[in-house]
Amino acid sequence: MSAPAHLDPRLLRAFVTVAEELHFTRAAARLYVAQQALSRDVRRLERELGAELFVRTTRQVTLTADGERLVPHARRVLAAQEALLAAFGQARPLLVDLNSPGLGTPRRVLHRARELAPEHELMARYESGLTGAAGELLAGRIDVSFGRFAGLDPSLRRQLEHRIVRYEPMAVLLPEDHRLASLAQVPLAALAGETVYAGAGNPRTPEWTDLARRLFEGRGIEVAAPVPLAVGDEEFQRVMARTRCPVLAVVDFPAMPGAVRRPLVDPVPLSPVSLVWRKGLAHPALEALWRAAAEAGREDGWLRVPDGAWLPAADRPASGD
């Protein structure tokens, strides 16, 4: 593979997108171009480099050895181009997924980051679950999300970066007339015999269901069977009112009509929340999000793990963190 004197970054972006999707139709949709135009750009890049980058068959697209070798170099070039444009005030908006409207931790980080970097545009998105958001991150349709990083499939984690933001105490939403609703705090042992909704069957939130199963194991608490996927607060509230199941949540979960939110104790279970972005992302507003998360963590002790708190081994901070 020989390096040409000049190389159009558009060709590298076409190559990287196909390398990530391993599918020309999906890559073209990501780039908002015709598939024929994308194929021409990839062929042109192959001619200019003097190397075949993909093996194409009627059933699949795979990278050649030269293609594998080019991927990290192409990503660095594109990241440098984005950083250069940002330095001269041409940065695109940073698309930040807050999971769901009303969740306190992501919203606070975003609002503080906007204060720290008023010259940049940070746009909120709502993907409802880190597993669902991970595909959007890798596709470049969003830039940053929040959630339980250790709960992602390892193949996804290898393509993403993260920083822990908060170990958030967990809670339970109860119907107002539930037997435990009068308690100020709900001991985990008091939920024995209950069936608790934790997103089972939702393909966008398996990391949350996994956390619930780990928490409930050996405590006599069952994870509720899947219910019809409810989109939007109103539909979620309607479905939960019909099932009347307690709902596993976090202490900052927004209030629901007809329900009360109670912190869980004995032990206090913690939900690990990370700031997550795709590897190679270069955007000047990303640092503002890191700073905002760090400031909130210092002010409110977000990264403190109280003695006796419950946290899965996979999510525990490394020694010295």
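The notes below deal with the structure included here. (Residues numbered from 1 in each chain as written. Predicted model: local features only at pLDDT ≥ 70, side-chain atom pairs only at ≥ 80, totals over all residues. Heavy atoms only, no water.)

Take the side chain of R278 next. With respect to the secondary-structure elements, R278 resides in strand β12 (residues 270–278). On the basis of relative accessible area, R278 is assigned to the buried category, the value being 15%. A polar atom in the side chain of R278 sits 3.3 Å from the backbone oxygen of L137. Once you skip the residues sitting within four places of it in the chain, R278 turns out to touch R92, L137, L138, G140, I142, D143, Q159 and L160. (Helix = DSSP H or I, 4+ residues; strand = E, 2+ residues; numbered from the N terminus. Buried < 20%, exposed > 50% of the residue type's maximum accessible area, 1.4 Å probe, protein only. Polar contact = N/O pair within 3.5 Å; in protein donor to acceptor, adjacent residues only side chain to side chain. Contact = heavy atoms within 4.5 Å.)

Mapping A285 onto the fold places it in helix α10 (residues 284–300). Distance in space between the C-alpha atoms of A285 and A113 is 7.8 Å, their sequence separation being 172 residues. With residues near it in sequence (within four places) discarded, A285 still touches L94, H120 and L122.

On to the packing of aromatic side chains. Scanning all chains against the criterion turns up three aromatic pairs. On the basis of an interplanar angle of 50° and a centroid distance of 5.5 Å, the ring pair of F15 and F54 is categorised as tilted. Remark: F54 occurs in strand β1 (residues 54–56) and F15 occurs in helix α1 (residues 9–21); sequence separation between them is 39 residues. Note on accessibility: F15 and F54 belong to one class, buried. (Phe/Tyr/Trp six-rings, centres within 6.5 Å; stacked < 30°, edge-to-face > 60°.)

Omega for the bond connecting D266 with P267 falls within 30 degrees of zero, at -5°, which places this linkage in the cis form. Inspection of the secondary structure puts P267 in the loop between β11 (259–265) and β12. One non-glycine residue, L22, adopts positive backbone phi at about 50°. Locating L22 in the fold gives a position in the loop between α1 and α2 (24–31). L22 gets classed as partly exposed once you look at its relative accessible area, which sits at 36%. The phi torsion at D266 lies on the positive side, around 55°, for a residue other than glycine.

This part covers the side chain of N202. Examined against the element boundaries, N202 turns out to sit in the loop between β8 (195–196) and α8 (206–216). A polar side-chain atom of N202 sits 2.9 Å from the main-chain amide nitrogen of R204.

Burial along strand β5 (residues 144–147) is two-sided: the face carrying V144 and F146 and the face carrying S145 and G147 are both buried. Where β5 and β12 come together, four bridges link them in antiparallel fashion. Bridge assignment links F146 to a residue of β12, and that residue is L275. (Pairing = 2+ DSSP bridges.)

As for its placement among the helices and strands, Y167 is situated in strand β6 (residues 160–175). Here the alpha-carbon distance between Y167 and L122, two residues 45 residues apart in the chain, equals 24 Å. When sequence neighbours within four positions are dropped, the list of residues in contact with Y167 reads L270, S271, P272, W302, L303, R304, V305, L311, D315, R316 and P317.

Moving on to the pattern of salt bridges. Applying the stated rule across the entire model yields 22 salt bridges. Put simply, R43 and E46 hold a salt bridge, and the shortest N to O gap is 3.6 Å. Linking R43 with E46, this pair stays in helix α3 (residues 35–49), spanning three residues, or about one helical turn. Classification of R43 as partly exposed rests on a relative accessible area of 42%. (Salt bridge = Lys/Arg side-chain N within 4 Å of Asp/Glu carboxyl O.)

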